[in-house]
Amino acid sequence: GGMLFRCTDCPTAYCFDCWPQGLARVDPTPQLLEPMISRGFDPSKNATLFVCGDCADEKETAKRRLEEEERRRAEARLEKERQRREAVEKARTRDEERERKRADEAQ
């Protein structure tokens, strides 16, 4: 009947004696508890929440993956804008050259 330390994202749980050093406790918020309750967690039971090392690693990997995808999308947008500006500049230069030729021919 003692306190259990439960991971918020997976079934990992520890008793007080087995609690590994270095894992930070997590404050239970409604956003955190909703998915846990839907998986059968009873918040009225004596438990302290934490994120285990494996889940923390997965979250960090997913966060980095999303950041990398966003960076790539931003780079693609910048490249597309650069190409658009380059095309506009080429068209402007071409039009100016045509106008010079017409002016030269008219003289």
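**Remarks on the overall build of the chain**
For the chain, the count of helices and strands is two helices and four strands. Each helix (α) and strand (β) of the chain, taken in turn from the N terminus, gives the series β-β-β-α-β-α. Taking 13 Å as the expected radius of gyration for a compact globule of 107 residues, we find that the chain reaches 30 Å, considerably beyond that expectation. The principal-axis extents of the C-alpha atoms in the chain amount to approximately 100 × 25 × 15 Å. Within the chain, contacts between residues at least 6 apart in sequence are counted, and of these 61% link residues at least 24 apart. Working note: accessible area of the chain is about 8800 Å², and carbon and sulfur atoms make up 51% of it. Of the side-chain charges in the chain, 23 are positive and 24 negative, and the distance between the mean point of each set is 2 Å.

**Looking at helix H1 (residues 30-38)**
Three or more residues of H1 are buried, namely Leu32, Leu33 and Met36. Viewed end-on, H1 has its buried residues packed into an arc of 90°, placing them on one side of the element. In H1, the exposed positions that point more than 90 degrees away from the buried face belong to Pro30, Gln31, Glu34 and Ser38. Those residues of H1 hidden inside the fold are in contact with strand E1 (4-7), strand E3 (25-26) and strand E4 (47-50). One or two residues past the end of H1 sits Gly40, with phi positive at roughly 105°.

**Let's talk about the side chain of Thr8**
Examined against the element boundaries, Thr8 turns out to sit in the loop between E1 and strand E2 (13-15). A polar contact of 3.3 Å, which involves the side chain of Thr8, links it to the side chain of Asp9. Leaving out residues up to four positions away in the same chain, Thr8 has contacts with Val26, Leu32, Met36, Arg39, Leu49, Phe50, Val51 and Lys59.

**With respect to the pairing of E1**
Burial along E1 is one-sided: the residues Phe5 and Cys7 are buried and none of Leu4 and Arg6 is. Across three bridges, E1 lies against E2 in antiparallel orientation. Bridge pairing in E2 places Arg6 opposite Ala13. Hairpin remark: E1 followed by E2, antiparallel, with five residues in the connecting loop.

Cut-off values and rules
Residue numbers here run from 1 along each chain, matching the order of that chain's written sequence. Restriction of local features to residues with pLDDT of at least 70 applies here, the model being predicted, together with a cutoff of 80 or more for giving and counting side-chain atom pairs; totals for whole chains, interfaces and linings are based on all residues. Note that water and hydrogens are dropped before the side-chain values are worked out from all heavy atoms of the structure. Numbering of helices and strands runs from the N terminus; a helix is a DSSP stretch of H or I covering at least four residues, while a strand is a stretch of E covering at least two. Here the globule rule is a power law, 2.2 Å times the number of residues to the power 0.38, and the radius of gyration is based on C-alpha atoms. The criterion used for residue contact is that any of the two residues' heavy atoms lie within 4.5 Å. Per-residue and other accessible areas follow the Shrake-Rupley method at a 1.4 Å probe size, with only the shown protein chains counted as cover for residues. Positive charges are assigned to Lys and Arg, negative charges to Asp and Glu, while His and the chain termini are left out of the count. Charged groups are reduced to one reference atom each: NZ for lysine, CZ for arginine, CG for aspartic acid, CD for glutamic acid. Using a 1.4 Å probe on the protein chains alone, a residue whose accessible area is under 20% of its type maximum counts as buried, one over 50% counts as exposed, and one in between counts as partly exposed. Directions are taken from the helix axis to each C-beta atom, and the arc is the one they span. Nitrogen and oxygen atoms within 3.5 Å of one another constitute a polar contact, given that in protein one can donate a hydrogen and the other can accept it, and given that sequence-neighbouring residues count only through two side-chain atoms. For two strands to be treated as a pair, DSSP must find at least two bridges joining them.

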